[in-house]
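Next come the chains, spelled out residue by residue.
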Amino acid sequence: MKENRFTGSLRAGFAVLAALLLASPVTSWAAAAPADATAWWVMPLLLLVVTFFMGIIAVLGGVGGGVLYVPIIGGFFPFHIDFVRGAGLLVALSGALAAGPGLLKANLASLRLAMPVALVASSCAIVGAMFGLALPAHIVKLLLGVTILGIVVIMFTAKKSDFPDVPKADALSTALGIYGIYQSPDKTMNWQIHRTIPGLLTFIIIGVMAGMFGLGAGWANVPVLNLMMGAPLKISVATSKFLLSITDTSAAWVYLNNGAVIPMLVAPSLIGIMLGSFVGVRILKVAKPSFIRWMVIGILAFAGGKSLYDGIKAMNNASRPTSTHTQEASHHGK
Amino acid sequence: MANEKNVASEEQLLYATWLEKGMLIGLVLIVISFALYVTGIISPVVPLDELSNYWNLPVKDYLTAVNNNFLHFDHPPTGWAWLTLLGKGDFLNFLPIAILSGITMLCYAVIVPVFMKKGEKAYMIMAIVEVLILALAASGLLKAGH
């Protein structure tokens, strides 16, 4: 009964989110309306409401805020994609900072596992952020669309293993002492990892993508830590969340120092998504995760498709310089 | 290993403690600074009712326009230039953002002596290199643009 009520509330919340995204104030403003046609406070208020629901959905769907934030805000709000990516990184960073201390103290996140991975990912996130800010907006949107649709495929197909079989730790992880004890209510087990070098190499790509698109990277961290390197699922999820606080920090500085941060976009987003996360954690106890997961996949597929469409449209416009207006729209990526 | 307790290591707990403090300070400050900004208690560089004319521009055009129309600096405000503008409502928000972005560097710095004490050279070096990487990112030396 209670579950149905919450699921009903969530559906209603999702309907509100969808309506806000599709309703005329946002999309029409983004499309064509004069920028000063609406009171200044409307946009931050809308951001607060949308990111609040996004925070709930992100927790229930088991994804970071950034992966929902960038395609949705970039696709349906009037802000330039440069600022959306900067804010997306800060959103993902704040979520990771908020969760990190608790996960470390509970020994669910492993500092020893995170440190070598973070070294690779954070260096590459800087490179990704610089690439991202150097690329034209329509190329970023195109690549973002492809990436988001790729994430949908990963979420759709990737398997998870609660306790992966790691018969023998590899030499590097043994030398670095990357192992631990995992306790669940019904089981206590020692864990160790293998394939450390391939795992670290994969984090080069993950870091670049996190910095380039401002997505956070939990969607990629968890499968690599869990399936490739063999850390238990909960250790992988917790370490991934903590890892974002390091990876996204390095990229966030690049966006901050290059001026790609607008407080009017960042502050309501941080507050909204964190309030939503607090509510989401409470709802998580009674909600149906499978329904939410499908909902997240649906939202991401839609937002990724739109980003891809916008990128292709802008690229076509850029290659057909028929009018000043067209050129300007392409340049601004809107 | 099987008899060990599931207790976080000394450096992990130290890291968590510093991370928690920095995160709380940053989050509280961002709520306060944003309230000061949107209520107009501290006036911004870009007036609130004009901001929507700028936020759809690419970052380079945005910075140039803000500089030309409001700041009149020799160069658009990138890097740490926001420090000189903390008296303005919008730029005041950069302080908590910088705290949230900077706390990880501090966390790494405080665990270096623990690794040194334990004789864990590999992790000590990793922590130092990470601090240097984050310091490079924060330095403003890395320029990007369309």
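Residues numbered from 1 in each chain as written. Chains lettered and ligands numbered in written order. Predicted model: local features only at pLDDT ≥ 70, side-chain atom pairs only at ≥ 80, totals over all residues.

## So, the environment of I271 of chain A
So, point 1. On the secondary structure map, I271 of chain A appears in helix α12 (residues 263-284).
So, point 2. Residues I271 of chain A and L47 of chain A lie 224 residues apart in sequence; the distance between their C-alpha atoms is 9.7 Å.
So, point 3. Beyond its immediate sequence surroundings of up to four residues, I271 of chain A is in contact with L48 of chain A together with V31 of chain B. (Helix = DSSP H or I, 4+ residues; strand = E, 2+ residues; numbered from the N terminus. Contact = placed C-beta atoms within 7 Å.)

## Remarks on the interface of chain B and chain A
Put simply, an interface is often sized by how much accessible area is lost when its parts join up.
So, point 1. Taken residue by residue, the interface counts 56 residues in chain B and 61 residues in chain A.
So, point 2. Listed by contribution, the elements that provide at least two residues to the side of chain B that touches chain A are α1 (10-38), α2 (59-71), α4 (94-118) and α5 (121-139) of chain B.
So, point 3. A total of 12 residues in the side of chain B that touches chain A trace back to one element, the largest contributor, which is α1 of chain B.
So, point 4. Partitioned by chemical class, the residues of the side of chain B that touches chain A number 36 nonpolar, 14 polar and 6 charged. (Nonpolar A, V, L, I, M, F, W, Y, C, P; charged D, E, K, R; others polar.)

## Observations concerning the pairing of strand β2 (residues 187-192) of chain A
Residues and elements named next belong to chain A.
So, point 1. Inspection of the sheet shows strand β1 (residues 179-184) paired to β2 by 6 bridges, in the antiparallel sense. Paired with Y182 across the two strands is M189, which belongs to β2.
So, point 2. The hairpin turn running from β1 into β2, its antiparallel successor, is 2 residues long. (Pairing = 2+ DSSP bridges.)

## A few points about the packing of helix α6 (residues 111-134) of chain A against α5 of chain B
So, point 1. With their axes 10 Å apart at the nearest point, α6 of chain A and α5 of chain B run at an angle of 20° to one another. Taken as axis vectors, α6 of chain A and α5 of chain B run roughly parallel relative to one another. Considering only the axes of α6 of chain A and α5 of chain B, their crossing is left-handed. Mapping the contact onto sequence places M115, P116, A118, L119, S122, S123 and I126 of chain A in α6 of chain A and Y123, M126, V129, E130, I133, L134 and A137 of chain B in α5 of chain B.
So, point 2. In terms of residue class, the contact of α6 of chain A with α5 of chain B is built from 11 nonpolar, 2 polar and 1 charged. (Axes fitted to C-alpha atoms, helices over the stretch in contact; angles between N-to-C directions. Parallel < 35°, antiparallel > 145°, perpendicular 65-115°, else oblique. Left-handed = near helix turned anticlockwise from the far one by under 90°.)

## Overview of the environment of F83 of chain A
So, point 1. Residue position: F83 of chain A is located in helix α5 (residues 81-105).
So, point 2. Placed 43 residues apart in sequence, F83 of chain A and I126 of chain A show a C-alpha to C-alpha distance of 16 Å.

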